[in-house]
Amino acid sequence: GTHHAWIPDVLIFFIFFHILFGIFMIHASLHNRVKGEKARVRDAFLQYSLLVNSMFIFIRAAFNALIMKRYIGFVTTNKRGSASSFKLIKWNLALGAVCLLLSLYAMYQAAISNTHIELRTYLPVSLWLLFYAIVLFSSILFIDNGGVNAAK
């Protein structure tokens with residue numbers, strides 16, 4: 001039996017539901033934020049992307065707090081003299097490349113699949129990984145270019 005080789009319908013639903021629900025919740029919170037200003041789905045996607053691309057910051061903070069028993073707290077940074085660079089997003093780009101390669105592999109496996117079960121297994125995973133590759137690569141939108149934020 002290959003009953004363990006396919007993704008159940010409910011898991012396919014949850015793979016994409018958490019993305020759509022997250023973007024919807026951000027859009028809803030942005031919509032009520034400023035009176036008279038309409039929030040766009042693009043704004044919600046950029047906020048979602050910023051949250052996902054901040055994962056390495058959150059991982060480091062959790063590691064410092066839980067493992068190293070060191071809590072650093074909030075530190076105000078200089079907004080005028082600071083500049084972003086590709087060095088700061090290297091791990092986001094590396095993980096995005098891994099997601100893209102795995103997505104292409106899963107897409108290839110879906111293309112050569114002989115059964116419906118293999119297609120149902122590889123295609124949703126490929127699309128999910130492709131979405132996160134795009135989100136991780138979108139971290140380049142948050143790099144400061146000569147004092148002007150590209151995400152605005």
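Just above, that's the structure.
Cut-off values and rules
Residues numbered from 1 in each chain as written. Predicted model: local features only at pLDDT ≥ 70, side-chain atom pairs only at ≥ 80, totals over all residues. Heavy atoms only, no water. Axes fitted to C-alpha atoms, helices over the stretch in contact; angles between N-to-C directions. Helix = DSSP H or I, 4+ residues; strand = E, 2+ residues; numbered from the N terminus. Parallel < 35°, antiparallel > 145°, perpendicular 65-115°, else oblique. Left-handed = near helix turned anticlockwise from the far one by under 90°. Nonpolar A, V, L, I, M, F, W, Y, C, P; charged D, E, K, R; others polar. Core = buried A, V, L, I, M, F, W, Y, C linked by side-chain atoms within 4.5 Å. Buried < 20%, exposed > 50% of the residue type's maximum accessible area, 1.4 Å probe, protein only. Contact = heavy atoms within 4.5 Å. Patch = residues over 30% accessible without salt bridge, like charges linked within 9 Å, V, L, I, M, F, W, Y side chains within 5 Å. Areas by Shrake-Rupley, 256 points an atom, 1.4 Å probe, with all protein chains shown as cover. Salt bridge = Lys/Arg side-chain N within 4 Å of Asp/Glu carboxyl O. Phe/Tyr/Trp six-rings, centres within 6.5 Å; stacked < 30°, edge-to-face > 60°.

Undergrad: It is not clear to me how the packing of helix α4 (residues 90-111) against helix α5 (residues 116-137) should be interpreted in this structure. Could you clarify?
TA: Each pair of packed helices gets described by two things: the angle between the helix axes and the distance between those axes. Taken N-terminus to C-terminus, the directions of α4 and α5 make an angle of 155°; their axes are 7 Å apart at the nearest point. The orientation of α4 with respect to α5, classified from their angle, is roughly antiparallel. Seen along the crossing, α4 lies across α5 with a hand that is left-handed. Counted by class, the contact of α4 with α5 contains 18 nonpolar, five polar and no charged residues.

Undergrad: Explanation requested: the nonpolar core in the structure shown.
TA: For soluble globular proteins, the rule of thumb is that nonpolar side chains tend to be buried together. Residues Tyr 48 and Val 52 are the most contacted members of the largest nonpolar core, which totals 14 residues. Mapped by element, the contributors of at least two residues to this core are α1 (9-31), α2 (41-53) and α5. Looking at this core, the element that brings in the most residues is α5, giving five residues. Each residue touching Val 52, except ones within four places of it in the same chain, is listed here: Tyr 132, Val 135 and Leu 136.

Undergrad: Is there a simple way to think about a nonpolar patch on the surface in this case?
TA: Where nonpolar side chains cluster on the molecular surface, the patch consists of Val 10, Leu 11, Phe 13, Phe 14, Phe 17, Phe 21, Phe 24 and Met 25 and spans about 780 Å² of accessible area. Note on placement: Phe 24 falls in helix α1. Of the residues examined, Phe 24 reaches a relative accessible area of 52% and is grouped as exposed.

Undergrad: Got a minute to help me understand the packing of aromatic side chains in this structure?
TA: Each pair of aromatic rings is reported with the distance of its centres and the angle of its planes. Going through the model one piece at a time under the given rule, you end up with eight aromatic pairs. On the basis of an interplanar angle of 80° and a centroid distance of 6.4 Å, the ring pair of Phe 14 and Phe 17 is categorised as edge-to-face. You can see Phe 14 and its partner Phe 17 sitting in helix α1, three residues apart, about one turn around the helix. Judged by its relative accessible area of 44%, Phe 14 is partly exposed. Given a relative accessible area of 34%, Phe 17 falls into the partly exposed group. Ring geometry for Trp 128 versus Tyr 132: centroids 5.6 Å apart, planes at 75°, classification edge-to-face. In this pair, Trp 128 and Tyr 132 are both assigned in helix α5, four residues apart and thus about one turn of the helix distant. Among the residues examined, Trp 128 registers a relative accessible area of 28% and is labelled partly exposed. These aromatic residues form a ring-pair network of at least three members: Phe 45, Tyr 48, Trp 128, Phe 131 and Tyr 132.

Undergrad: Hey, could you run me through the packing of α2 against α5 in this one?
TA: Between α2 and α5, whose axes approach to 9 Å, the crossing angle comes to 85°. Accordingly, the angle class assigned to the pair α2 and α5 is roughly perpendicular. Here Phe 45, Tyr 48, Ser 49, Val 52 and Asn 53 of α2 lie close against α5, whose contacting residues are Phe 131, Tyr 132, Val 135 and Leu 136.

Undergrad: Sorry, what's going on with the pattern of salt bridges here?
TA: Pairing is possible between side chains of opposite charge, provided their charged atoms come close. Counted by the stated rule, this structure contains one salt bridge. Asp 43 serves as the salt-bridge partner of Arg 40, at 3.3 Å between the closest nitrogen and oxygen. Relative accessible area serves as the criterion here: at 47%, Arg 40 is assigned to the partly exposed category. On the basis of relative accessible area, Asp 43 is assigned to the partly exposed category, the value being 23%.

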